[in-house]
Amino acid sequence: MSDSAPPPPPPGGPYGSPAQLSPADEKLWATLIHVGGILFGFLPALIGYLVLKDKGPFIRAHTATALNFQITLLIAYIVGGILSLVIIGVFILLAAWVLSIVFGIIAAMKANQGQFYTYPLSIKFVS
């Protein structure tokens with residue numbers, strides 16, 4: 001037995017801080033989250049935000065932006081659904097659907113190019 005003390009624990013606790021994603025992985029996940037919003041609504045943005053928000057500033061910005069837009073769209077779908085009893089609700093639903101496709105494609109392209117993007121007409125719920 002030796003009298004030497006054990007080595008000190010690594011800084012940041014025993015589990016360390018979450019591993020950062022590489023820039024290529026951040027771009028990939030941000031692109032997939034925006035495309036997933038077109039196909040599956042707010043779920044990819046919510047799951048991406050909860051899982052990936054601490055993996056890097058680029059992915060955090062894109063997941064928060066996508067989640068904000070998807071929540072805004074969800075509100076528009078609910079309002080459009082209620083107002084579909086009156087004719088205007090059908091137009092609101094159609095406009096929200098078209099905007100989700102157009103803005104989702106634009107956001108995915110910007111994410112794939114490594115650029116930040118903010119959806120127009122989006123209410124900021126999370127940051």
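Scroll up to find the structure this text is about.
Predicted model only: the values in this text are computed from it and were never measured.

Sorry, what's going on with the packing of aromatic side chains here?
Two aromatic rings, taken as a pair, are described by how far apart their centres are and by the angle between their planes. Counted according to the given criterion, the structure contains four aromatic pairs. Ring centres 5.2 Å apart and planes at 65 degrees place the aromatic pair F58 and F116 in the edge-to-face group. In this pair, F58 is assigned in helix α3 (residues 57-83) and F116 in the segment after α4 (88-112), connecting sequence segments 58 residues apart. Between Y117 and Y119, the aromatic rings sit 5.4 Å apart at their centres with planes inclined by 75 degrees, giving edge-to-face as the arrangement. Assigned by exposure class, Y117 and Y119 land together as buried. One aromatic cluster is present, built from ring pairs that chain together F69, F103, Y117 and Y119.

Sorry if this is basic, but what is going on with the nonpolar core here?
Soluble globular proteins tend to pack their nonpolar side chains together in the buried interior. If you look at the biggest cluster of nonpolar residues, it comprises 18 residues, and the most contacted ones within it are I33 and Y119. Of all the secondary structure elements, the ones that give two or more residues to this core are α1 (23-40), α2 (43-52), α3 and α4. For this core, the element with the most residues is α3, which contributes seven residues. Residue contacts for I33: discarding those within four places in its chain leaves P44, A45, G48, L52, I59, T63 and A66.

When you look at the side chain of N68 in this model, what are you seeing that I'm missing?
With respect to the element layout, N68 can be found in helix α3. Beyond its immediate stretch of four places on either side in the chain, N68 contacts S122, I123, K124, F125 and V126.

Would you mind showing me how to read the packing of α3 against α4 here?
Two quantities define a packed helix pair, namely the angle between the axes and the distance from one axis to the other. Remark: α3 packs on α4, axes separated minimally by 8 Å, with the N-to-C direction vectors making an angle of 170 degrees. The orientation of α3 relative to α4 falls into the category roughly antiparallel. Mapping the contact onto sequence places F58, H62, F69, L73, A76, Y77, G80, G81 and L83 in α3 and I88, G89, I92, L93, A96, W97, L99, S100, F103, A107 and A111 in α4. A breakdown of the residues in the contact of α3 with α4 according to their chemical character gives 15 nonpolar, five polar and no charged.

When you look at the pattern of salt bridges in this model, what are you seeing that I'm missing?
Side chains bearing opposite charge may pair, as long as their charged atoms lie close to each other. Counted by the stated rule, this structure contains one salt bridge. One salt bridge connects D54 with R60, and the closest N-O pair in it is separated by 4.0 Å. Take R60: its relative accessible area is 30%, and that puts it in the partly exposed class.

When you look at unusual backbone geometry in this model, what are you seeing that I'm missing?
A negative phi angle is the norm for most residues apart from glycine, just as the trans form is the norm for most peptide bonds. In this structure, L121 is a non-glycine residue whose phi angle is positive, near 65 degrees. Position of L121 relative to the elements: it lies in the segment after α4.

Quick notes on the rules
Residues numbered from 1 in each chain as written. Predicted model: local features only at pLDDT ≥ 70, side-chain atom pairs only at ≥ 80, totals over all residues. Heavy atoms only, no water. Phe/Tyr/Trp six-rings, centres within 6.5 Å; stacked < 30°, edge-to-face > 60°. Helix = DSSP H or I, 4+ residues; strand = E, 2+ residues; numbered from the N terminus. Buried < 20%, exposed > 50% of the residue type's maximum accessible area, 1.4 Å probe, protein only. Core = buried A, V, L, I, M, F, W, Y, C linked by side-chain atoms within 4.5 Å. Contact = heavy atoms within 4.5 Å. Axes fitted to C-alpha atoms, helices over the stretch in contact; angles between N-to-C directions. Parallel < 35°, antiparallel > 145°, perpendicular 65-115°, else oblique. Nonpolar A, V, L, I, M, F, W, Y, C, P; charged D, E, K, R; others polar. Salt bridge = Lys/Arg side-chain N within 4 Å of Asp/Glu carboxyl O.

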